[in-house]
Amino acid sequence: MAKQKHKTVLLDELESGPWPSFVSGLKRLRDSDDKKYAPMMNDLLGQLEHSYETTRGFWKGGTVGVRGYGGGVIPRFSEVAEEYPESKEFHTLRVMPPAGMHYTTDFLRKICDVWEEHGSGLIAFHGQSGDIMFQGASTENVQHAFDGLNEIGLDMGGAGPALRTAMSCVGAARCEQSCYNEQKAHRTIINTFLEEMHRPALPYKFKFKFSGCPNDCVNAIHRADFAVIGTWRDDMKINQDEVKAYVKEAGRKYTIDNVITRCPTNALSLNDDDTLEVDNQSCVRCMHCLNVMPKALAPGDDKGITILIGGKRSLKIGDLMGSVIVPFMKLETDEDFERFTEFAERVIEFFAENALDHERVGETIDRIGLPNFLEAVGVDIDPNMINHPRTNSYVRTDDFNEAAKHWISRKKERAEGKDNIRDDFVAAAE
Amino acid sequence: MSEEKKQHRKPIESGVPDPMQFMHPVLKANFGNWDWHERPRPGVLHHVSKTGEDIWTVRAGTQRQMDVYTIRKLCDIGDKFAEGHVRFTTRSNIEFMVSDQDKVEPLIDKLQEAGFPVGGTGNSVSVISHTQGWLHCDIPGTDASGVVKSLMDMMYEEFVKEEMPNRVRITTSCCQINCGGQGDIAINVQYTKPPVINHSLVAKVCERPAVVARCPVAAIRPAMVNGKATLEVDEKKCICCGACYPPCPPMQINSRESTKLAIWVGGKHSNARSKPTFHKLVVSNLPNNPPRWPEVEEIVRKILYAYKDNARDWERMGEWIERIGWPRFFELVDMPFTHHHLDDFRGARSSLNSSAHIHF
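Residues numbered from 1 in each chain as written. Chains lettered and ligands numbered in written order. Predicted model: local features only at pLDDT ≥ 70, side-chain atom pairs only at ≥ 80, totals over all residues. Heavy atoms only, no water.

**Some words on the domain arrangement of chain B**
Residues and elements named next belong to chain B. Basically, it comes down to this: For the domains described, the bounds stem from an automatic or database domain assignment. Summed over both partners, the accessible area lost on bringing two parts together, with a 1.4 Å probe, is the buried area. Salt bridge criterion: a side-chain nitrogen from Lys or Arg within 4 Å of a carboxyl oxygen from Asp or Glu. In protein, a polar contact means a hydrogen-donor-capable atom and an acceptor-capable atom, both N or O and within 3.5 Å, with residues adjacent in sequence counting only if both atoms are side-chain atoms; elsewhere, any N or O pair within 3.5 Å suffices. By the convention adopted, Pro, Cys, Tyr, Trp, Phe, Met, Ile, Leu, Val and Ala count as nonpolar, Lys, Arg, Asp and Glu as charged, and the other residues, Gly among them, as polar.
By domain assignment, chain B separates into domain 1 (3-113), domain 2 (133-192 + 257-341) and domain 3 (196-252). Between the C-alpha centres of domain 1 and domain 2 there is a distance of 29 Å. Summing the contributions of domain 1 and of domain 2, the shared interface buries around 640 Å²; its carbon and sulfur component is 49%. The largest per-residue losses of area from domain 1 upon contact with domain 2 belong to Pro42, Gln65 and Arg91, which jointly make up 63% of the total buried on that side. At the surface where domain 1 touches domain 2, the tally comes to one salt bridge. Among the ionic pairs, arginine 39 bridges to glutamate 162, the shortest N-O distance being 3.1 Å. At the boundary of domain 1 and domain 2, one finds two residue pairs in polar contact (both at pLDDT 80 or more). Tallied by class, residues from the side of domain 1 that touches domain 2 come to two nonpolar, four polar and three charged.

Listed below in structure tokens is the structure:
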């Protein structure tokens, strides 16, 4: 005999209004009388209503996993299981989606079938780290659900002090502003370091995110320990006929107010014949003019990436944006990808060996200072790493001349070996 | 025994799946070879490749936490109108790719008929980035899905239109860890009282040195209460951040009275025009008032429409405020300015005005 359905007086109020209602979805699962998960979803709704009544959460963590892996499952045990016994275990599996979050409808249906069989029927597309979150499996079913998902080609994501699931934008698959193969970079990194994800042994979380251009659609600079942002270092491409067409359509004043004067480095000028003049050496690749005039302007041909390290939210020392560590690196050939992966490995190794417990890499850099970090990961300094040089004189500079010599010889080497060096990234370790 | 052994399946450590096997054929054929795009109407993107091939993308909002019925409904729509391929954006919008322009309108009609708003492109309010809340988090101060649903109902028109000065990215977070990230507008839990400690459980549940180390202001110290080893909080130092609560659940940070909501503005991830920025406090101490958080909704509406009515084209929220100045902003949104708006954490001096640049 089916148990009585919990009253959901407060949650019911979230069924009205034009936006799709998650409550209606939860109820559809609860009302699937022929499905195993229906009683679980009834009690889940009961507990959620109880949270709405009391303004309190009632989940606690624990230890649940799958064989062979040390992470990826977020255990949830109810603190009010006596009242809501069917959802007393409601664990989440974090599972990595295809890079760029592309699916066929057939694949989505297969995913649904597995999750109907072993889970709650509730799936979040996607979590903030970029996982598909399968929310609601009993302890017993976690392994079965994982096996089912693993058999159709999905693998567990990250949780705890480990390499986390990464994210990449749609990028080259559908965007003319893409400056590298985001999906390849994403898959190369994560699939190389799966060990760090599946068997957590880092001091704390470590996140990679991959954006194809400085619009940073996956919010990498702030949200990733290791942000990879596409960019280019030659001149932007201009189709002057399309510039003229834009000016004709939008008007001169509008173009000046909204394109020309919005350039952060005053690198743009509108010529008298309504063509555009660009001072490419001053341009910082902010993307504004390209965003506004996508038919007229495009990234150059000499594309690559900028790497910023150390982004994170408040805990514990306050918010940090990532800082530029590699101003430019090519990412096209197999050798480029190899070098990129080696660099990522050095950063992860540095983090594993030097970060304190529960310290993000940005905090480690803050604690030890950028010069020490650069030395440890084998990167030479570059003025693109800073907003401005130091402003206080409290520094011992007796080896300034040697440092200056090093800079000059580096510059010379680079000038001489121009054809062999593909970018500014010269690892000191090499 | 043998049965037991059979169950010991080893995971296939396959990592991130290759998206090429799922990608729309037109995207695959033109991978890395796109030329330009336009937005023929809100919710629709039209991309053209260098070979002249076209793809239309129709974007629709979802509730993110989806039941299998919703997912299958979206799949049916994808099969009928979009050649069986979909993708999701980072903000939980679903995208249908269509190679035949004639299918765009019927697809939009079908999505709207099925209750999925079409929009979220260009200068619109896209879906609020969404955390877990009471539905699934172990440390939530509030719900996420309910706040998002309430606010998206209120901002529905701004999702389906592109009438904002620039894109608006709103975030929510159910604790001060702020999983939702930076937003043009951010609605985040703000604790207002030190944790209430259940001393009889601390030694059993918490790794005490780790909890002491977690505190950003060194306000936690070991103590003995009723002969039991526990922790105590120097409440004069405590900044009520809740950092001790995840590693030590007996240090309860939430209560009906003390868990409040704060609203922040001017966070930005993109590098367009200005560098990325963090969001800044507008107002705190709003009640945590489910199921629809009306007090929060009212202030978000006020901020959103002050921005819409006053910002110039292409100014993001933070850039608009940067131009008009904080005095004018607080006036326009009719919010009090208090000593809590002055940062007093690390690096606070850099947020002070050290110039004679004054907005009158």
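**Quick look at the packing of helix α12 (residues 334-354) of chain A against helix α14 (residues 370-377) of chain A**
For any two helices packed against each other, the geometry comes down to the angle between their axes and how far apart the axes lie. Residue and element names in this part refer to chain A. Note the following rule: The axes used here are C-alpha line fits, helices contributing only the stretch in contact, and every angle between their N-to-C directions lies in the interval 0 to 180 degrees. Going along the chain from the N terminus, every DSSP run of H or I of four or more residues is numbered as a helix, and every run of E of two or more is numbered as a strand. These descriptions rest on fixed angle ranges, namely under 35 degrees for roughly parallel, over 145 for roughly antiparallel, 65 to 115 for roughly perpendicular, and the rest for oblique. For a crossing to be left-handed, the near helix must be turned anticlockwise from the far one by less than a right angle; the clockwise case is right-handed. We call two residues contacting when some pair of their heavy atoms lies within 4.5 Å.
In contact at an axis separation of 9 Å, α12 and α14 are set at 125° when each is read in the N-to-C sense. For the element pair α12 / α14, the angle class is oblique. Relative to α14, the crossing made by α12 is right-handed. In this structure, α12 uses Phe343, Arg346, Val347 and Phe350 to contact α14, whose residues at the interface are Phe373, Ala376 and Val377. Counted by class, the contact of α12 with α14 contains six nonpolar, no polar and one charged residues.

**What to know about helix α9 (residues 294-310) of chain B**
Here is the rule we go by: Here the expected span of a helix is defined as 1.5 Å times the quantity of residues minus one. Relative accessibility thresholds used throughout: buried, under 20% of the residue-type maximum; exposed, over 50%; partly exposed, between the two (1.4 Å probe, protein chains only).
For α9 of chain B, which comprises 17 residues, the first-to-last C-alpha distance of 24 Å matches the rise-based estimate of 24 Å (1.5 Å per residue) to within 8%. Among all positions of α9 of chain B, only Val296, Glu297, Ile299, Val300, Ile303, Leu304, Ala306 and Tyr307 of chain B are buried.

**What about a negative patch on the surface?**
All names here are of chain A. For clarity, the threshold we go by: Patch members must show over 30% relative accessible area and no salt bridge, and they are joined within 9 Å when carrying like charges or within 5 Å when they are nonpolar side chains of Val, Leu, Ile, Met, Phe, Trp or Tyr. Note on areas: Shrake-Rupley, 1.4 Å probe, and residue coverage restricted to the protein chains presented here. The charge count includes Lys and Arg as positive and Asp and Glu as negative, but it does not include His or the ends of the chains. Lys charges are placed at NZ, Arg charges at CZ, Asp charges at CG and Glu charges at CD.
Side chains of Glu335, Glu338, Glu342, Glu345, Glu349 and Glu353 sit close together on the surface and give a patch of like negative charge. Tracing the backbone through its elements, the reader meets glutamate 335 in helix α12. On the basis of relative accessible area, glutamate 335 is assigned to the exposed category, the value being 55%.

**Focus: the state of the cysteines**
Note the cut-off: Our working definition of a disulfide is a cysteine sulfur pair at a distance within 2.5 Å.
Applying the stated criterion to the full structure yields one disulfide over all chains. What pairs with cysteine 206 of chain B in a disulfide is cysteine 248 of chain B, and their sulfur atoms sit 2.1 Å apart. Here the S-S torsion is close to 70°, and the disulfide linking cysteine 206 of chain B with cysteine 248 of chain B is therefore right-handed. With cysteine 206 of chain B in the loop between α7 (199-205) and α8 (208-214) and cysteine 248 of chain B in the loop between β11 (228-233) and β12 (251-252), this pair connects stretches of sequence that are 42 residues apart. A relative accessible area of 7% means that cysteine 206 of chain B is categorised as buried. Relative accessible area serves as the criterion here: at 0%, cysteine 248 of chain B is assigned to the buried category. Left without a disulfide partner, cysteine 112 of chain A is nearest to the cysteine sulfur of cysteine 75 of chain B, which lies 6.1 Å away. In this structure cysteine 112 of chain A comes out as buried when scored by relative accessible area, which is 0%.

**Here's the deal with the packing of aromatic side chains**
This is how the line gets drawn: Aromatic pairing here means that ring centres of Phe, Tyr or Trp (its six-membered ring) are within 6.5 Å. Orientation follows from the plane angle: under 30 degrees is stacked, over 60 is edge-to-face, and everything else is tilted. Two thresholds decide whether a charge sits over a ring: the Lys NZ or Arg CZ must be within 6 Å of the ring centre and within 35 degrees of the ring normal.
Taken as a whole and assessed by the stated rule, the structure comprises 25 aromatic pairs over all chains. Centre to centre, the rings of tyrosine 69 of chain A and phenylalanine 146 of chain A are 5.6 Å apart; their planes meet at 65°, and the pair counts as edge-to-face. Residue tyrosine 69 of chain A is located in the loop between β1 (59-60) and β2 (73-74), and its partner phenylalanine 146 of chain A is located in helix α5 (residues 139-151); the two are separated by 77 residues in the primary sequence. The exposure class of tyrosine 69 of chain A is buried, given its relative accessible area of 7%. An angle of 50° between the planes, with centres 5.4 Å apart, marks the rings of phenylalanine 206 of chain A and phenylalanine 351 of chain A as tilted. With phenylalanine 206 of chain A in the loop between α7 (194-198) and β10 (208-211) and phenylalanine 351 of chain A in helix α12, the pair connects residues that are 145 residues apart, well separated along the chain. Under the relative-accessibility criterion, phenylalanine 206 of chain A is labelled buried at 0%. Through pairs of rings, three or more aromatic residues link up here, namely Phe206, Phe208, Phe210, Phe226, Phe340, Phe343 and Phe351 of chain A. One Lys or Arg, lysine 184 of chain A, reaches over the ring of phenylalanine 337 of chain A and ends 4.2 Å from the middle of that ring. The aromatic ring of tryptophan 36 of chain B is capped on one face by lysine 295 of chain A, whose charged end is 4.3 Å from the ring centroid.

**Notes on the domain arrangement of chain A**
With domains assigned, chain A is organised as domain 1 (9-54), domain 2 (61-156), domain 3 (167-233 + 302-388) and domain 4 (237-298). Taking only C-alpha atoms into account, the centre of domain 1 of chain A sits 40 Å from that of domain 3 of chain A.

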